[in-house]
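Single-letter residue listing:
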Amino acid sequence: MSFWTDPMAVIANLIGGWLAGLGMTEGWVTFVLSFLGAGVYALLVMLTVVLLIWVERKLLGRFQDRLGPNRLGPWGIFQTIADMLKIFTKEYITPNGVDKVPYNLAPILAVAGVLSVWAVIPLGATILGANLNVGVLYVVAIGAIGELGIILAGWSSRNKFATLGGFRAVALLVSYEVPLVVSLIIPVLFSGSMGMNNIVHAQKDIWYIVLAPVAALIFLITSIAENGRAPFDLTEADSEIVAGFNVEYSGLKFGMYYVADFMHTFTIAFLFSTLWLGGWLGPWAEKYPMLGIFYTAFKAWFIYFTIIWLRGSLPRFRIDQMINLNWKVLTPLALVLLMMTAIVNRLVPEGMLVVRTLALLAVNGILLVGTSWLLNKFAGRNKRVVVAPEPRPVARPEQISSES
Amino acid sequence: MLNDWLYIGLFVFISMALPAIAIFAAGLLSPKKPNPIKSTSYECGIETVGPSWVQFKAQYYIYALVFLVFDVETIFLFPWAVAYNQLTLFGIIEAVLFILILLSGLLYAWKKGALEWM
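Residues numbered from 1 in each chain as written. Chains lettered and ligands numbered in written order. Predicted model: local features only at pLDDT ≥ 70, side-chain atom pairs only at ≥ 80, totals over all residues.

1. Things to note about the interface of chain B and chain A
Facing 57 residues of chain B, the contacting portion of chain A comprises 69 residues. Of all the secondary-structure elements, those providing two or more residues to the side of chain B that touches chain A are helix H1 (2-29), helix H2 (59-82) and helix H3 (89-111) of chain B. The element that contributes the greatest number of residues to the side of chain B that touches chain A is H1 of chain B, accounting for 19 residues. Class assignment of the residues belonging to the side of chain B that touches chain A gives a composition of 41 nonpolar, 10 polar and six charged. (Contact = placed C-beta atoms within 7 Å. Helix = DSSP H or I, 4+ residues; strand = E, 2+ residues; numbered from the N terminus. Nonpolar A, V, L, I, M, F, W, Y, C, P; charged D, E, K, R; others polar.)

2. Quick word on unusual backbone geometry
All names here are of chain A. One non-glycine residue with positive phi stands out, namely Asp65, at about 60°. In this structure, Asp65 sits in the loop between helix H2 (26-63) and helix H3 (79-88). For Arg158, which is not a glycine, the phi torsion comes out positive at approximately 50°. Looking at the secondary structure, you find Arg158 in the loop between helix H5 (135-156) and helix H6 (160-171). Here Arg158 falls in the partly exposed class, since 19 other C-beta atoms lie within 10 Å of it. (Buried ≥ 20, exposed ≤ 12 C-beta atoms within 10 Å, placed from the backbone.)

3. Observations concerning the nonpolar core
By size, the foremost hydrophobic cluster in this structure holds 140 residues, and its most contacted members are Val111, Val120, Ile185, Ala269, Phe272 and Leu338 of chain A together with Phe11 of chain B. Among the elements that line this core, the one with the most residues is helix H12 (residues 251-275) of chain A, at 15 residues. In contact with Val111 of chain A, other than residues within four places in its own chain, are Met256, Val259 and Ala260 of chain A together with Pro19 of chain B. (Core = buried A, V, L, I, M, F, W, Y, C linked by C-beta atoms within 7 Å.)

4. Things to note about the confidence of the model for chain B
Predicted confidence across chain B gives a mean pLDDT of 81, with 95% of residues reaching 70 or more. Taken element by element, the predicted model of chain B shows its lowest mean pLDDT in H2 of chain B (81) and its highest in H3 of chain B (86). (pLDDT = per-residue confidence, 0-100.)

Shown next as structure tokens:
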């Protein structure tokens with residue numbers, strides 16, 4: 001066992017041996033090792049977000065035909081560090097009549113709800129926090145805490161815009177959890193385990209995105225909605241309700257929402273990579289776990305790019321469109337997909353991987369075609385009402401000249 | 001297994017502590033100059049009229065209620081999915097019936113107009 005084949009165990013042994021030499025009992029050594037591991041991991045994730053904010057701003061700039069940050073350092077790479085230093089010295093303005101405890105707790109919960117998910121995401125064969133046997137359930141449960149932070153913020157700010165943002169969070173973010181959870185059942189069903197690392201191991205033969213592309217699509221759409229970013233950014237729609245739930249936050253308390261938002265995108269990309277794209281699997285990844293980090297990040301990068309691309313390209317949905325998309329399209333689709341996948345997967349005998357893949361692909365194709373046929377059939381039902389003023393004479397040069 | 005839960009507990013604690021420490025540290029670094037106008041609610045420069053915690057359409061809460069029904073029922077599907085590989089076809093048909101009941105509940109809510117945005 002050398003550093004290159006199992007780095008985490010080598011480091012753990014090194015520090016553990018040193019601590020045991022100081023006269024610690026075995027229980028305390030485990031505690032200190034877990035604490036150090038968790039602390040370093042969480043800090044690394046937080047610091048990566050600082051870089052990712054720059055990546056996102058740069059990409060958004062390019063999508064919108066701008067340069068993006070380009071002043072500080074090469075390609076403006078130090079811009080977010082400067083922003084971070086600035087926001088540290090900004091005043092906290094606490095408006096009159098806020099509900100103190102939830103108001104201060106909300107930004108902490110928003111970050112904690114996203115950061116905690118990282119405890120179960122495997123980055124390599126042995127580089128992982130904890131391979132919980134209820135990993136997927138943990139992701140769902142902890143993810144809901146982030147929404148709680150948003151709802152608490154909207155309610156406790158005592159501001160009408162913030163309250164509206166909170167209401168929207170209740171109706172939207174919470175609704176989108178249903179298809180998200182149903183689409184998460186499908187990898188669990190294929191692998192027979194809720195542990196994230198077991199799900200990665202089970203994808204050795206074939207990635208789950210090939211077996212259930214529609215479920216992966218539903219996962220991506222609902223995750224973006226949960227994240228509350230464009231085109232689903234109704235809870236903080238700046239042109240409708242100023243900034244929504246975070247309108248009364250300032251200084252680093254607002255910064256925490258910013259961090260939580262970007263970290264959520266990052267987390268979604270890694271979750272997608274783990275659940276659907278085979279996570280750390282790749283050539284020699286099993287032997288050299290360090291390579292696994294590279295593979296996971298490489299796959300996650302495509303998803304991260306896609307999410308930013310969507311943000312840069314699509315306009316915001318109306319609230320009724322978003323509600324209808326969830327309850328009338330995604331939820332029934334996810335439930336029907338789950339049923340058909342379960343039956344078809346069982347009807348094909350064990351071991352026939354090609355037949356199974358083709359059958360499941362056919363199911364997904366039929367569902368996609370069927371859904372789009374139904375949507376087209378009922379699309380004309382609600383007539384679009386054009387709200388526009390009466391046509392009025394315009395002061396164009398040719399009109400003026402014709403009257404004279 | 002117990003070590004895993006220890007790690008999760010510590011990780012959740014640290015992920016609460018990191019933002020809390022950052023917010024506290026920024027509180028020490030930042031100036032504090034409140035004044036009455038600065039600390040009024042921000043509503044685009046117009047003074048607040050009436051209470052902010054307004055009563056709102058019950059519609060929002062109906063979505064929350066429908067969500068509650070669905071989320072609790074989908075949680076029951078997770079143990080089934082874990083045991084899927086050991087189940088016979090009969091066990092899968094039973095779960096399908098369960099999902100069909102779930103879908104008919106969705107259809108009922110749909111027909112009753114609980115999903116219409118008003």
